[in-house]
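What the coordinates show
So the chains spell out like this:
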Amino acid sequence: MLTLKVSAAAPQKQSVQLIFRPALETGNLEGAAKEVGDVRFFPSEQFVLVSLGASEKITAEIVRRAGAAAARWLKKNNIPDAGLDVDGLSAAGLPGLVAFEALVEGLLLGNYEFSQYKSQPASTDTRLTLVSNNPACKESLKKIEITCEAVNLARDWSHEPANVLNPLSLAERVKKLAAAEGLTCKILDDHELKALGAGAIVAVGQGSATPSRLIVLEYSGRGKAAHEKPVVLVGKSITFDTGGYSIKSVDGIVGMKYDKCGGMDVIAVLVAAARLKLDIPIVGIIAAAENMISALAYRPNDIIRTLSGKTVEVISTDAEGRLVLCDALTYAQQNFQPRALIDLATLTGGVVVALGSERAGLFSNNDPLANDLFQCGENTFERLWRLPLDDDYFDLIKGVDADMRNSAGVRKAHPIVASVFLKQFVSPEIPWAHLDIAGTADSDKEEPYSPKGATGFGIRLLLNYLCGLK
Ligand code: BES
Ligand code: ZN
Ligand code: ZN
């Protein structure tokens with residue numbers, strides 16, 4: 001564990017002192033650490049020099065990456081105590097607390113590891129004293145700690161395998177967490193969902209020994225703003241996606257425990273909102289199901305009646321995300337009056353082809369909302385790219401025996417078609433955005449401040465957006 005504390009005075013007994021500096025071109029010691037995150041240790045002075053790279057290129061993201069490199073170095077070298085002169089960070093030339101906050105994010109996110117199932121004990125604990133005379137740093141540290149704990153919570157839960165986390169055990173976990181965090185939690189089981197008419201989310205989960213659950217979390221907000229309409233967040237949580245009878249390939253199926261990341265992000269945002277005591281009310285809806293094969297599983301050509309009343313013919317049982325989401329989106333609009341409706345989903349392999357793991361797909365029926373989310377993604381370096389949502393694409397999935405089909409059956413414009421499917425379930429007057437995080441929710445390699453696996457992509461972005469609302 002890495003524990004941070006802000007103090008005006010450097011503690012006596014520290015084993016090392018971290019120093020963050022831009023790289024110098026030539027000459028002295030600092031020139032040795034050139035690339036961002038290069039770490040050089042000077043044992044005689046007990047100095048650890050962490051490079052911020054070229055001084056004219058320093059941004060918050062660079063500081064975040066350097067912070068993560070420092071956290072990894074402390075961990076690797078089993079350092080129990082360290083100090084860091086925060087005021088020296090002003091060399092980064094960033095305004096206000098920007099560098100401080102990015103540094104703390106880098107440290108806390110970069111320190112993350114998922115070691116729950118490892119027999120060897122995790123690395124030793126490190127206490128890091130952030131030495132600063134700025135009284136605002138303490139408050140700021142608290143805020144970033146809450147944010148990063150939320151990201152790391154989502155990473156932890158996303159990493160859980162499907163033999164541990166299924167729609168049932170997830171619902172139980174969320175219920176406990178909600179009680180501890182002061183969130184309202186309502187869970188609809190498959191019987192209740194069937195009785196309501198939510199045939200799509202039920203169908204996706206009907207082949208599993210642990211049927212579907214719709215989990216509804218509510219944060220009430222504070223003060224006057226608490227009476228405003230809520231922002232409603234919807235997350236896809238397929239605890240495992242085999243593809244169903246449209247079964248995935250041997251390679252394609254591995255990693256499909258991460259098909260629940262959208263919902264994990266939503267849970268994390270609600271927890272952080274409560275801890276940060278945000279003013280505005282927020283609702284989180286997690287559509288949980290396991291997409292399995294069995295005698296009870298749904299099949300291609302099944303016709304499903306969704307909660308909206310619209311019918312869908314199943315073409316691919318692997319296009320299950322849009323099915324659980326369409327009922328969750330309808331539920332959101334039937335039970336709340338969203339001022340904005342935002343869903344997060346590892347929805348399509350097509351978005352990975354289009355944008356890779358650098359940016360997530362952004363689709364929206366509302367330009368101001370799309371622009372706000374795009375900007376928040378730039379702020380937190382969880383970057384988005386907007387793709388079209390024209391109604392013409394609906395032709396590809398228009399119904400033959402039902403109102404629509406859940407897949408075009410061809411790979412053309414894949415992520416767009418999925419979004420246009422979702423659009424059929426959102427009333428045009430509600431500002432709605434869909435984030436397709438299939439390429440960014442998990443990574444098959446170590447990232448600058450995220451190890452292999454779940455990244456928690458979108459949580460800082462959404463908190464940045466929510467903190468900006470009145
Ligand atoms: N969970 C997958 C999408 C996915 C693919 C996420 C790769 C992460 C990495 C989704 O349910 C899916 O299988 N989508 C299909 C849809 C198709 C059958 C219309 C896809 O994208 O291939
Ligand atoms: Zn699928
Ligand atoms: Zn899926």
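Structure first, text after, so check above.
1. Some remarks on the sheet that holds strand β8 (residues 213-219)
- An order of β7-β8-β10-β9-β13-β17-β14-β15 is seen for the eight strands of this open sheet, with the pairing classed as mixed. Only two strands of the sheet have a single partner each, and these edge strands are β7 (184-188) and β15 (384-386). The average angle at which neighbouring strand axes cross in this sheet is 20 degrees, direction not considered.
- For strand β9 (residues 231-241) and strand β10 (residues 282-291), the ladder comprises 10 bridges, and the chain directions are parallel. Bridge pairing links Val 231 to Ile 282 in β10.
- Contacting β8, β9, β10 and β13 (340-345), helix α7 (residues 261-276) runs over the sheet at an angle of about 140 degrees to β9.

2. Some details on the layout of surface pockets
- A volume near 750 Å³ is recorded for the largest pocket.
- Residue lining of the largest pocket: 32 residues in total, with Lys 248, Met 256, Leu 347, Thr 348 and Gly 349 positioned closest to the centre.
- Going through the elements one at a time, β9, α9 (349-355) and β18 (442-443) are the ones with two or more residues in the lining of the largest pocket.
- Broken down by class, the residue content of the lining of the largest pocket amounts to nine nonpolar, 12 polar and 11 charged.
- There is about 560 Å³ of room inside the second largest pocket.
- The set of elements that each furnish at least two residues to the lining of the second largest pocket consists of β1 (2-7), α1 (60-76) and α3 (136-159).
- Among the elements that line the lining of the second largest pocket, the one with the most residues is α3, at five residues.
- The residue makeup of the lining of the second largest pocket, split by class, is 10 nonpolar, eight polar and five charged.

3. Observations regarding the nonpolar core
- Of all hydrophobic cores here, the largest spans 97 residues; its most connected members are Phe 20, Leu 107, Leu 128, Leu 130, Leu 170, Ile 267 and Leu 373.
- Per-element tally for this core: the top contributor is α7, with 11 residues.
- Beyond its immediate stretch of four places on either side in the chain, Ile 267 contacts Trp 157, Leu 170, Val 174, Leu 177, Leu 217 and Ile 286.
- If you look at the next biggest cluster of nonpolar residues, it comprises 54 residues, including Ala 203, Ala 328, Val 420 and Phe 421.

4. Topic: the site of ligand 1
- Around ligand 1 lies a shell of 18 residues, among which Lys 248, Asp 259, Asp 318, Glu 320 and Gly 349 are the nearest.
- Between ligand 1 and Asp 259, the relevant distance is 2.9 Å, taken from a nitrogen atom to a side-chain nitrogen or oxygen of the residue.
- In this structure, Glu 320 approaches ligand 1 through a side-chain N or O atom, which is 2.9 Å from an oxygen atom.
- When ligand 1 sits alone it has 520 Å² of accessible area, and the protein chains cover 83% of it.
- In this structure the site holding ligand 1 corresponds to the largest pocket.
- Across the shell around ligand 1, the residue classes tally to four nonpolar, six polar and eight charged.

5. Let's talk about the coordination of the zinc ion (ligand 3)
- At this site the zinc ion (ligand 3) is bound by Lys 236 (NZ), Asp 241 (OD), Asp 259 (OD) and Glu 320 (OE), with donor distances of 2.0 to 2.4 Å.
- Coordination at the zinc ion (ligand 3) is octahedral, judged from the six donor atoms that bind it and the angles of 77 to 173 degrees they form at the metal.
- Every donor residue of the zinc ion (ligand 3) comes from the same chain, spaced as K-x4-D-x17-D-x60-E.

6. Thoughts on the coordination of the zinc ion (ligand 2)
- For the zinc ion (ligand 2), the full set of protein donor atoms is Asp 241 (OD), Asp 318 (O), Asp 318 (OD) and Glu 320 (OE), at a range of 2.0 to 2.2 Å.
- Each of the six donor atoms bound to the zinc ion (ligand 2) contributes to angles spanning 72 to 168 degrees, and the resulting shape is irregular.
- In primary-sequence terms, the residues that donate to the zinc ion (ligand 2) follow D-x76-D-x1-E.
- The metal-metal distance between the zinc ion (ligand 2) and the zinc ion (ligand 3) is 3.2 Å, with Asp 241 coordinating both. You can see Asp 241 sitting in strand β9 and its partner Glu 320 sitting in the loop between β12 (311-313) and α8 (321-335), a full 79 residues away along the chain.
- Given the relative accessible area of 3%, Asp 241 is considered buried.

7. Things to note about the packing of aromatic side chains
- Counted by the stated rule, this structure contains four aromatic pairs.
- Between Phe 41 and Trp 73, the aromatic rings sit 5.2 Å apart at their centres with planes inclined by 55 degrees, giving tilted as the arrangement. Note that Phe 41 is positioned in strand β3 (residues 39-42) and Trp 73 in helix α1, a separation of 32 residues in sequence.
- Under the relative-accessibility criterion, Phe 41 is labelled partly exposed at 33%.

8. Focus on the environment of Ala 332
- Counting through the fold element by element, Ala 332 comes out in helix α8.
- By relative accessible area, Ala 332 is classed as buried at 0%.
- On a C-alpha basis, the gap between Ala 332 and Glu 172 in space is 21 Å, while along the polypeptide they are 160 residues apart.
- Once you skip the residues sitting within four places of it in the chain, Ala 332 turns out to touch Val 232, Val 234, Ile 285, Pro 338 and Leu 341.

What counts, and at which threshold
Residues numbered from 1 in each chain as written. Chains lettered and ligands numbered in written order. Predicted model: local features only at pLDDT ≥ 70, side-chain atom pairs only at ≥ 80, totals over all residues. Heavy atoms only, no water. Pairing = 2+ DSSP bridges. Helix = DSSP H or I, 4+ residues; strand = E, 2+ residues; numbered from the N terminus. Axes fitted to C-alpha atoms, helices over the stretch in contact; angles between N-to-C directions. Contact = heavy atoms within 4.5 Å. 1 Å grid on protein atoms, 1.4 Å probe; cavity = no way out; pocket = protein on both sides within 12 Å on 5 of 7 lines; lining within 4 Å. Points joined across faces, edges and corners; volume = space filled by probe spheres on them. Nonpolar A, V, L, I, M, F, W, Y, C, P; charged D, E, K, R; others polar. Core = buried A, V, L, I, M, F, W, Y, C linked by side-chain atoms within 4.5 Å. Buried < 20%, exposed > 50% of the residue type's maximum accessible area, 1.4 Å probe, protein only. Near = heavy atom within 4 Å. Polar contact = N/O pair within 3.5 Å; in protein donor to acceptor, adjacent residues only side chain to side chain. Areas by Shrake-Rupley, 256 points an atom, 1.4 Å probe, with all protein chains shown as cover. Sits in = over half its atoms within 2 Å of the grid points. Donors = N, O, S within 2.8 Å, 3.2 Å for Na, K, Ca; no water. Tetrahedral: all angles 85-135°; square planar, octahedral: opposite > 155°, others 65-115°. Phe/Tyr/Trp six-rings, centres within 6.5 Å; stacked < 30°, edge-to-face > 60°.

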